[in-house]
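Observations on the model geometry
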Amino acid sequence: MTRYLTAAAALAVAVSATGAGRTKPPAGPTPKKAAAAAPAKQAAVPADARAFLKANCVACHNAQVTQGGLDLAALLSGSDLSDPKAFARWVAVHDRVRNGEMPPKGSTPRPGVAETDRFLKSLAAPMVAADDARARREGRAAWRRMNRDEYENALRDLLDAPWLPIRDMLPEDGVAHGFNKVGDALDVSHVQMGRYLAAAEYALRERLAQEADRPATTTRRYYTREEPSFFRPVAFGPFNGSPERATFPILGCASADTDVLDQKAPMTVGAKDPARREEESLGVVASAYEPIEPRWNRFRAPISGRYTLRLAAHTFWAGPDNEKNWWRPSRYNLSTGRTREPVTLYAEVPPRALRRLETVEVGPEAGVREVTVYLNKGETVRPDAGRLFRSRPPAWRNPLATREGQPGVAYRWLEVAGPLPPPETPGKGRLPLFGDLPLAKDPATGRVTATPGRDPDADAESLLRAFIARAYRRPVAAGDVAPFAKLFRTARETGSDFTDALLTAYSAVLCSPGFVTLEERPGPRLDDHALATRLALLLWNSEPDAALRAL
């Protein structure tokens, strides 16, 4: 119950600060912008434009006759163009007259072309002036939140956790004019804020778990001949056992391992013959798809984080099975590879939840390709030689096959080193959630807790100030920390311990306007921090980096 109470409090702090559904920037201009934010003078419709409408349009658009739902008499009586709603109606009036839709064809008397042109010019000038004045006063862009791609990236960068899966926890974003970065389509509701809160809490706890209990970096090699998912012997039957779908036991770069093919020897010699074990591989002439789904199943990422993958592989050439069926590969007639093939490595959570990692190029020579990637906890690694064919009955013929044979890729082993220490970003530094406070993990529940010093409130306020300074894309004001420090104390009073109370306050920060939205003050120019935010969201869909913040 305590957890739900503190979550509700965090949501209340975030939503009350955000103003759910608001589309204008927060009130309170800076002193330099005071003149720009002063009340605007009325921008009236010129007398000759009013006369044109009274003569040609008001008879059909008044309080008694409102064709098209338009009361021009009321619009003329309050003709202030600085009012956004009135301005939108005047735009519609201008455009319909310009397009010849009003007055309608056949109406009499109908104004001439010269009279219509004078009306349009007379109305356009004050409308342009009113629009320019409003843009200078309020800015052109609607106040908006980050979309879910931006939020995920910003959260990953803030927490130094590029592996965090956040995007799909949030509702789909609205789209306007083909873009999901338009403020008018990015509304903010209590439901939306609730999703942000859940995503923020998840991200913080995942980050804390990694901070408290990162296993030591280890290196382990997984030999392909010891992975059952790679085995495709002919004995599997007519569908899975056809040579197009089979695996090819190979020694060295080209020799068929006939003892294994003839079932006279086990699949691998194992650790008793290390030299021969290094020469063993299993090849394929088809890319990965059901039912050919090779993966190094014995590896599972122990925690989310960075890992270095080293793939030992090479290409080979499978000769034709026989002269008549030349498109069928022989598992015995093998030779050195003639092509270079791209191999894409995927992270996989069975069954078949794939996430692309990296693509490497494999050639005829035996070699090791190395990549450093982010893996989520529990993921394994799956290779796919994507240029090779996918056989589908009845079209069994490989389009890459010739009368001389067809290409294939042989996998020897995958070596995994990790989890690796987080990389140090120049000028950024680490952001430990609990600073130098000691962390402990309960072996029974896996829960991580921090032990505060003699003054928990002071510790929390100091940590919150450092967190907000990194989370907000502008200088932290004097009052920015206070509501979250108060939320921390409220959570403590309702029964939360120091760790949960501080995570509640952090979650509220990650749902507050300073993080979720683009806080831009109205005026003719953006300030430097707002400009940096726009540049970062345009160029890499995330928060400004250290260099951009410094500029």
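Residues numbered from 1 in each chain as written. Predicted model: local features only at pLDDT ≥ 70, side-chain atom pairs only at ≥ 80, totals over all residues. Heavy atoms only, no water.

On a plain count of helices and strands, the protein comes out with 15 helices and 13 strands. A buried classification covers 46% of the 551 residues belonging to the protein. For the protein, contacts bridging at least 24 residues in sequence account for 74% of all contacts bridging at least 6. Approximately 26,800 Å² of the protein is accessible, and the part contributed by carbon and sulfur atoms is 55%. (Helix = DSSP H or I, 4+ residues; strand = E, 2+ residues; numbered from the N terminus. Buried < 20%, exposed > 50% of the residue type's maximum accessible area, 1.4 Å probe, protein only. Contact = heavy atoms within 4.5 Å. Areas by Shrake-Rupley, 256 points an atom, 1.4 Å probe, with all protein chains shown as cover.)

This part takes up the pattern of salt bridges. Inspection of every chain in the model, using the stated rule, returns 40 salt bridges. R134 is paired through a salt bridge with D131; the nearest N and O atoms lie 3.3 Å apart. Here R134 and its partner D131 are both found in helix α5 (residues 113-138), 3 residues apart, which amounts to about one turn of the helix. Judged by relative accessible area, D131 falls into the partly exposed class, the value being 29%. With its nearest N and O atoms 2.8 Å apart, the salt bridge here joins R340 to E361. Here R340, found in the loop between β6 (329-336) and β7 (341-349), pairs with E361, found in strand β8 (residues 353-362); they are 21 residues apart in sequence, far enough to count as distant. You can call E361 partly exposed: its relative accessible area is 47%. What emerges from the salt-bridge pattern is a single network uniting E201, R205, R447, D497 and D500. (Salt bridge = Lys/Arg side-chain N within 4 Å of Asp/Glu carboxyl O.)

Let us look at helix α2 (residues 47-56). Within the sequence span of α2, burial applies to A49, F52, L53 and N56. Buried residues in α2, looked at end-on, bunch into an arc of 95°, giving them a common side. Of the exposed residues in α2, those oriented more than 90 degrees away from the buried face are A47, K54 and A55. The inward-facing, buried residues of α2 contact α3 (72-77), α4 (84-98) and α5. (Arc of directions from axis to C-beta.)

Here we take up the side chain of S512. Within the element layout of this structure, S512 appears in the loop between α12 (498-509) and α13 (513-516). Assessed through its relative accessible area of 1%, S512 is described here as buried. A distance of 2.6 Å separates a polar atom in the side chain of S512 from the backbone oxygen of V509. (Polar contact = N/O pair within 3.5 Å; in protein donor to acceptor, adjacent residues only side chain to side chain.)

A separate point is the packing of aromatic side chains. Considering all chains together, one arrives at 13 aromatic pairs under this definition. An angle of 45° between the planes, with centres 5.6 Å apart, marks the rings of F248 and F316 as tilted. Taken together, the positions of F248 in strand β2 (residues 248-251) and F316 in strand β5 (residues 305-320) put the pair 68 residues apart, joining distant regions of the chain. Exposure remark for F248: the relative accessible area of 0% places this residue in the buried category. (Phe/Tyr/Trp six-rings, centres within 6.5 Å; stacked < 30°, edge-to-face > 60°.)

For the protein, the mean per-residue pLDDT works out to 84, and 85% of the residues sit at or above 70. In the model, residues 1-5 has pLDDT below 50 throughout and makes 4 contacts with residues more than four positions away in sequence or in other chains. Considering only residues more than four positions removed or in separate chains, one finds that residues 233-240, a stretch of pLDDT under 50, has 15 contacts. (pLDDT = per-residue confidence, 0-100.)

Okay, the packing of α2 against α5 next. The geometry of α2 relative to α5 is characterised by a closest axis approach of 8 Å and an angle of 130° between their N-to-C directions. Relative to α5, α2 is oriented oblique. By crossing handedness, the relation of α2 to α5 is classed as left-handed. Within the contact between the two elements, α2 uses D48, A49, F52, L53 and N56 and α5 uses E115, T116, F119 and S122. Its residues assigned to classes, the contact of α2 with α5 comprises 4 nonpolar, 3 polar and 2 charged. (Axes fitted to C-alpha atoms, helices over the stretch in contact; angles between N-to-C directions. Parallel < 35°, antiparallel > 145°, perpendicular 65-115°, else oblique. Left-handed = near helix turned anticlockwise from the far one by under 90°. Nonpolar A, V, L, I, M, F, W, Y, C, P; charged D, E, K, R; others polar.)

The next subject is the packing of helix α11 (residues 482-493) against α12. Closest axis-to-axis distance for the α11/α12 pair is 8 Å, and the angle between their directions is 145°. Regarding α11 and α12, the two cross each other, and that crossing is right-handed. In this structure, α11 uses F484, L487, F488, A491 and R492 to contact α12, whose residues at the interface are F498, A501, L502, T504, A505, A508 and V509. Considered class by class, the residues forming the contact of α11 with α12 number 10 nonpolar, 1 polar and 1 charged.

This part takes up the sheet that holds β7. The 3 strands are arranged β8-β7-β10 in an open sheet whose pairing can be described as antiparallel. Bordering the open sheet on either side are β8 and β10 (380-384), each of which pairs with just one other strand. In this sheet, adjacent strand axes meet at a mean angle of 25° when their direction is disregarded. Sheet topology places β7 next to β10; 5 bridges connect them, and they run antiparallel. Note on β10: the bridge partner recorded for L345 is P383. (Pairing = 2+ DSSP bridges.)

The subject of this paragraph is the nonpolar core. Core analysis: the largest hydrophobic core is formed by 52 residues, its most contacted members being Y151, L159, F467 and F515. Ranked by size, the runner-up nonpolar core spans 28 residues in total, among them A301, V360, L375 and A385. (Core = buried A, V, L, I, M, F, W, Y, C linked by side-chain atoms within 4.5 Å.)

Let's shift gears to the environment of R98. For R98, the location among the structural elements is in helix α4. Relative accessible area serves as the criterion here: at 48%, R98 is assigned to the partly exposed category. Residues R98 and L120, spaced 22 residues apart in sequence, show a C-alpha to C-alpha distance of 7.1 Å. Looking at R98, its side chain comes within polar contact range of the side chain of N99, at 3.2 Å.

Moving on, we get to a nonpolar patch on the surface. A cluster of nonpolar side chains, L531, L535, L538, L539 and W540, forms an exposed patch at the surface whose accessible area comes to about 500 Å². Summarising the element assignment, L531 is placed in helix α14 (residues 528-539). (Patch = residues over 30% accessible without salt bridge, like charges linked within 9 Å, V, L, I, M, F, W, Y side chains within 5 Å.)

Put simply, P350 and P351 share a cis peptide bond, and its omega is 0°. Within the secondary structure, P351 sits in the loop between β7 and β8. Here the amide bond leading from G418 into P419 is cis, since omega sits at -5°, within 30 degrees of zero. Secondary-structure assignment places P419 in strand β11 (residues 406-420). Positive phi, normally seen in glycine, also occurs at H177, with a value near 55°. Here H177 lies in the loop between α6 (148-159) and α7 (190-212). In the Ramachandran plot, R352 falls in the positive-phi region, its phi being about 70° despite a non-glycine side chain.

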